[in-house]
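An overview of the molecular structure
Here is what each chain is made of, one letter per residue.
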Amino acid sequence: MPLLVFKSSDGNRQMVEAAVGSTVMTSAQNGGVNIEGACEGSMLCSTCHVIVDKEWLGRLEPASDEEADLLDLAVGLTPTSRLGCQIVITEALNGLEVTLPYETDNLTEF
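Sequence positions are assigned chain by chain, starting from 1 and proceeding in written order. Totals for whole chains, interfaces and linings use all residues, but because this is a predicted model, local features are given only for residues with pLDDT of at least 70 and pairs of side-chain atoms are given and counted only at 80 or more. Side-chain calculation: all heavy atoms of the structure are included, whereas hydrogens and water are not.

1. Looking at the overall build of the chain
Secondary structure elements follow DSSP: runs of H or I of four or more residues count as helices, runs of E of two or more count as strands, with numbering from the N terminus. A count of helical and extended segments in the chain gives three helices and five strands. Values of the radius of gyration come from C-alpha atoms, whereas the globule rule sets the reference at 2.2 Å times the count of residues to the power 0.38. Relative to the 2.2 N^0.38 estimate, which gives 13 Å for 110 residues, the radius of gyration of the chain is 12 Å and therefore close to what a compact globule would have. Each principal axis of the C-alpha distribution contributes one length, and for the chain these read about 35 × 25 × 25 Å. Every one of the 110 residues in the chain was classed for burial, and the buried ones make up 45%. Contacts are assigned to residue pairs that have any heavy atoms within 4.5 Å of one another. For the chain, long-range pairs separated by at least 24 residues make up 66% of all intrachain contacts whose partners lie at least 6 apart in sequence. Surface exposure of the chain reaches about 5900 Å², of which carbon and sulfur atoms provide 47%. Remark: exposure states derive from per-residue accessible area (1.4 Å probe, protein chains only) relative to the maximum for the residue type, with buried under 20%, exposed over 50%, and partly exposed in between. Each accessible area is a Shrake-Rupley result for a 1.4 Å probe, and residues are judged covered by the shown protein chains and nothing else.

Following this line, the structure appears as structure tokens:
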């Protein structure tokens, strides 16, 4: 099972096992990482915003236009920001490192 590394904005690191085919968001939630995912992965918010380490960004599928639009709502947006619900885990992502932003803001009502 691939391992993911989640870094908090204060530098703490947490390793989580991730099932192939799951997403960064669900893997984080299942592993006890504090990531919201208010829309439960239906890509209606930006509360699963993660910052992908630069060395990993090229290994990911590019963000869709819809994801890019939602990322515009994310707090602390960076050039390597992605929605955790849109990063599907493969064996090639073993060791993927992402940083959780210092805060999130759910601007969408459900």
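Anyway, onward from the coordinates.
2. So, the side chain of Lys7
By the secondary structure assignment, Lys7 is in strand E1 (residues 3-7). The exposure class assigned to Lys7 is buried, which follows from its relative accessible area of 17%. Any pair of nitrogen or oxygen atoms within 3.5 Å is treated as a polar contact; in protein, a donor-acceptor pairing is required on top of that, and neighbouring residues in sequence qualify only through side-chain atoms on both sides. A polar atom in the side chain of Lys7 sits 3.4 Å from the side chain of Glu97. Among all residues touching Lys7, those that are not within four sequence positions of it are Asn12, Arg13, Asp53, Glu97, Val98, Thr99 and Leu100.

3. Side note on the side chain of Ser22
Mapped onto the elements, Ser22 comes out in the loop between strand E2 (13-17) and helix H1 (24-30). At 3.0 Å, the side chain of Ser22 and the side chain of Ser27 are in polar contact. Other than its neighbours up to four places away in sequence, Ser22 contacts Ser27, Ile87, Val88 and Ile89.

4. Some points on the packing of aromatic side chains
Each aromatic pair joins two rings of Phe, Tyr and Trp (for Trp, the six-membered one) with centres within 6.5 Å, and gets the label stacked for planes under 30 degrees apart, edge-to-face for over 60, and tilted for any other angle. Evaluation of the coordinates by the stated rule reveals zero aromatic pairs. Over the face of the ring belonging to Trp56 we find Arg59, whose NZ or CZ atom lies 4.1 Å from the ring centre. Geometrically, a lysine NZ or arginine CZ counts as sitting over a ring once it is within 6 Å of the ring centre and also within 35 degrees of the ring normal.

5. Points about the pairing of strand E3 (residues 49-52)
Side chains His49 and Ile51 project from E3 onto one buried face, and the interleaved Val50 and Val52 project onto a second face that is buried too. Only strands joined by at least two bridges in the DSSP assignment are considered to pair. Of the strand pairs in this sheet, E3 and strand E4 (residues 81-83) are connected by three bridges, and their pairing is antiparallel. Paired with Val50 across the two strands is Arg82, which belongs to E4. Relative to strand E5 (residues 97-99), E3 runs antiparallel, the two sharing two bridges. Along E5, the bridge assignment pairs Ile51 with Thr99.

6. Considering the pattern of salt bridges
Note on definitions: salt bridges are taken to be side-chain nitrogens of Lys or Arg within 4 Å of carboxyl oxygens of Asp or Glu. Counted according to the given criterion, the structure contains four salt bridges. With a closest N to O distance of 2.9 Å, Lys7 and Asp53 form a salt bridge. In this pair, Lys7 sits in strand E1 while Asp53 sits in the loop between E3 and helix H2 (54-57), placing the two residues 46 residues apart along the sequence. By the burial criterion, Lys7 is buried, and Asp53 matches it.

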